[in-house]
Amino acid sequence: MSVPEPPRGFRVAASLPYRRIALVLSGGGALGAYEIGVLRVLETLRLVPSLVVGVSIGAVNAVAWLVAGRDAGPIEHVWRTARGETLGVQWVSLALRIAGTFIAMMALLEAVLTLLGSDEFSGARWFWRHQNPEWDLLSTQLDALCWFGATVFGGLAVFFARRIAAWLDRHANVGPPEKARKRLLLVTSTAAAVHMIVGFMGWPWPHRFSAAVVILLAVVWTASAPGSVGRWSRNLALGLMPETGGRGLWSGRARRHILENLVAAGDAGKLVGTGTGLVVSALAVDRGVVTHFVSWPEVDEGFERRIHDELGEVLHLKDATEVISAALASSAIPGIFQPESVRGREFVDAGGFTNQPLHVAIARDVDAALVVLLSPSQPPAVSSPPDVVALGSRLLELANWRDLQTELRHLPPGWSREGSPARVCVVEPPAPLPTSPLQFDPERAAELIDAGRRDAWAALERAGWIEAVPDALEPAPRAG
């Protein structure tokens, strides 16, 4: 896919003194299409970084770019064609699974209530053939009245939820869990006994409502059990979540399939060993440290000591398969995607802890860094998010901004965004990008790619990394 040239010819500045340049790609979900535009500019300039550090979607873009020989074409095609369902953000699938589970459970409940709560199966009809139309009508009326009362009770509980919770917090004293479970068992047993006696005798009674109450109490009591039965019952509800057994909304299968295809179509040898180094950052679930997966085989004691001092660890990737797993782990947003396993350990997205790990690149002794942000570095504007999705985007923007300020305030001497040429070149959007991290859409991705390309040219010129040349000159090669 061709990349439009800038408005006038540019090339890497002949006076640029840096020879080991790091490229840092931030996380941000669907906002990551912005980074493709930046990569296209680097290709046009033939600026080859010696190190690429990626977090979350930045790790995915980094792996795809390097395996294709620093060609963003294959991953750009994915961005320009894939939607949420393709990338694993399967809202329609989730809605269908939840609706199907609810329908199946309600149908099963109705079937059980038909057997347990219908006077057609009462002892009076089966044992002494006693039928009383008036009692049947009264039972039906009582059922309707109880269900109507339950509806009103549920509505009041929703409306006064906070007040009820506050009152319970002040007055409730259920005592030790064992005593509470014994009380619950007594209530459940009493309700079950009353239901069976009334049903056996065929007396007027809200049979279906009564059966539903008994079932609900039995389920709550079973789920409160401390042993394996209780754990199984509690995990059953979580296990109904699609694909992940309750550890996230979706698995990483879709993202893995995309990365495996990109690696198969490229040169897997470019991901490990010599050449442009790769660092993929993720959060270790077991130890709570930020794990930096690195592509080079040799041990750099200075690098690893500095990472360890910052509550991190270094793991050396052995092959392309581990690189794919590391990228999936780095992009496994907690609660959205299930954790990913690498060498028997589980990892998730580290974006909430370090979304643009400039310090990792500096620890590798690079000369300069090009940092790509997916939200502005300026203080976020005061706003009131209208919904939960907007609130999530707002929190991501704030987290990224705070992390960047921490990185910039702890730069070593001689490192700065100022000067010409600046040692740190930051490519960033001038305003929040017009989409949310989970809104994957080809048309919006195309807009973000164009924005990334435009902002990259401006940032590189502002940092003094490029210079204008006559249109007739070709961009000069630049080794990283």
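Definitions and cut-offs
- Residues numbered from 1 in each chain as written.
- Predicted model: local features only at pLDDT ≥ 70, side-chain atom pairs only at ≥ 80, totals over all residues.
- Heavy atoms only, no water.
- pLDDT = per-residue confidence, 0-100.
- Contact = heavy atoms within 4.5 Å.
- Phe/Tyr/Trp six-rings, centres within 6.5 Å; stacked < 30°, edge-to-face > 60°.
- Helix = DSSP H or I, 4+ residues; strand = E, 2+ residues; numbered from the N terminus.
- Buried < 20%, exposed > 50% of the residue type's maximum accessible area, 1.4 Å probe, protein only.
- Lys NZ or Arg CZ within 6 Å of the ring centre and 35° of its normal.
- Axes fitted to C-alpha atoms, helices over the stretch in contact; angles between N-to-C directions.
- Parallel < 35°, antiparallel > 145°, perpendicular 65-115°, else oblique.
- Left-handed = near helix turned anticlockwise from the far one by under 90°.
- Nonpolar A, V, L, I, M, F, W, Y, C, P; charged D, E, K, R; others polar.
- Expected span 1.5 Å × (residues − 1).
- Polar contact = N/O pair within 3.5 Å; in protein donor to acceptor, adjacent residues only side chain to side chain.
- Salt bridge = Lys/Arg side-chain N within 4 Å of Asp/Glu carboxyl O.
- Core = buried A, V, L, I, M, F, W, Y, C linked by side-chain atoms within 4.5 Å.

Draft legend 1. Representation of the confidence of the model for the protein chain in the model. When pLDDT is averaged along the protein chain, the result is 83, and 80% of the positions lie at 70 or above. Confidence over residues 1-5 falls short of pLDDT 50; this stretch has eight contacts with residues more than four positions distant or in other chains.

Draft legend 2. Structural detail: the packing of aromatic side chains. Within the structure shown, the criterion is met by six aromatic pairs. Centre to centre, the rings of Tyr18 and Trp465 are 6.1 Å apart; their planes meet at 50°, and the pair counts as tilted. Here the residue Tyr18 occupies a position in the loop between strand 1 (10-12) and strand 2 (21-25), and Trp465 occupies one in the loop between helix 17 (442-462) and strand 11 (466-468), the gap between them amounting to 447 residues. An identical accessibility class is assigned to Tyr18 and Trp465; each is buried. Note that Arg255 overlies the ring of Phe337, its terminal NZ or CZ placed 4.1 Å from the centroid. A cation over an aromatic ring shows up here: Arg423 above the ring of Trp415, its NZ or CZ 5.3 Å from the ring centre.

Draft legend 3. Main features of the packing of helix 2 (residues 57-67) against helix 12 (residues 253-265). It is at 8 Å that the axes of helix 2 and helix 12 come closest, and there the two elements cross at 20°. What the angle tells us is that helix 2 and helix 12 run roughly parallel. By crossing handedness, the relation of helix 2 to helix 12 is classed as left-handed. On helix 12, the residues touching Val60, Val63, Ala64 and Val67 of helix 2 are Leu259, Leu262 and Val263. Here the residues of the contact of helix 2 with helix 12 sort into seven nonpolar, no polar and no charged.

Draft legend 4. Molecular detail of unusual backbone geometry. Residue Ser420 is joined to Pro421 through a cis peptide bond whose omega torsion reads 5°. Within the secondary structure layout, Pro421 lies in the loop between helix 16 (388-409) and strand 10 (424-427). Of note, Ser56 is a non-glycine position whose phi angle comes to about 55°, a positive value. Here Ser56 is to be found in the loop between strand 3 (51-55) and helix 2. Even without being glycine, Arg70 reaches a positive phi, approximately 55°. Considering the arrangement of structural elements, one finds Arg70 in the loop between helix 2 and helix 3 (73-81).

Draft legend 5. Up close: helix 17. If you check helix 17, its first and last C-alpha atoms are 30 Å apart, about what 21 residues at 1.5 Å a residue would give, namely 30 Å. Looking at helix 17, one finds that the buried residues are Pro442, Ala445, Leu448, Ile449, Ala451, Gly452, Arg453, Asp455, Ala456, Trp457, Ala459 and Leu460. At its buried positions, helix 17 is contacted by strand 1, helix 1 (33-45), helix 3, strand 9 (368-372), strand 10 and strand 11. If you check the start of helix 17, you find a side-chain oxygen 3.1 Å away from the backbone N of Glu443, and it comes from Asp441. Just downstream of helix 17, Gly464 is the residue with a positive phi angle, here 80°.

Draft legend 6. Highlighting the pattern of salt bridges. Inspection of the entire model under this criterion finds 18 salt bridges. In this structure, Arg40 engages Asp71 in a salt bridge whose closest nitrogen and oxygen atoms are separated by 3.4 Å. Here Arg40, found in helix 1, pairs with Asp71, found in the loop between helix 2 and helix 3; they are 31 residues apart in sequence, far enough to count as distant. Relative accessible area serves as the criterion here: at 31%, Asp71 is assigned to the partly exposed category. Linking Arg343 and Glu322 is a salt bridge whose minimum nitrogen-to-oxygen distance equals 2.9 Å. Here Arg343, found in the loop between strand 7 (340-342) and strand 8 (345-348), pairs with Glu322, found in helix 14 (residues 320-330); they are 21 residues apart in sequence, far enough to count as distant. Owing to a relative accessible area of 13%, Glu322 belongs among the buried residues under this scheme. Residues joined by salt bridges that share partners form a network here, namely Arg40, Glu43, Asp71, Glu76 and Arg80.

Draft legend 7. The nonpolar core, seen in detail. Residues Leu23, Tyr34, Leu45, Trp79, Phe293 and Trp465 are the most contacted members of the largest nonpolar core, which totals 84 residues. With nine residues, helix 2 is the largest single contributor of residues to this core. Ile307, Ala369, Val371 and Leu404 belong to the second-largest nonpolar core, a separate cluster that totals 24 residues.

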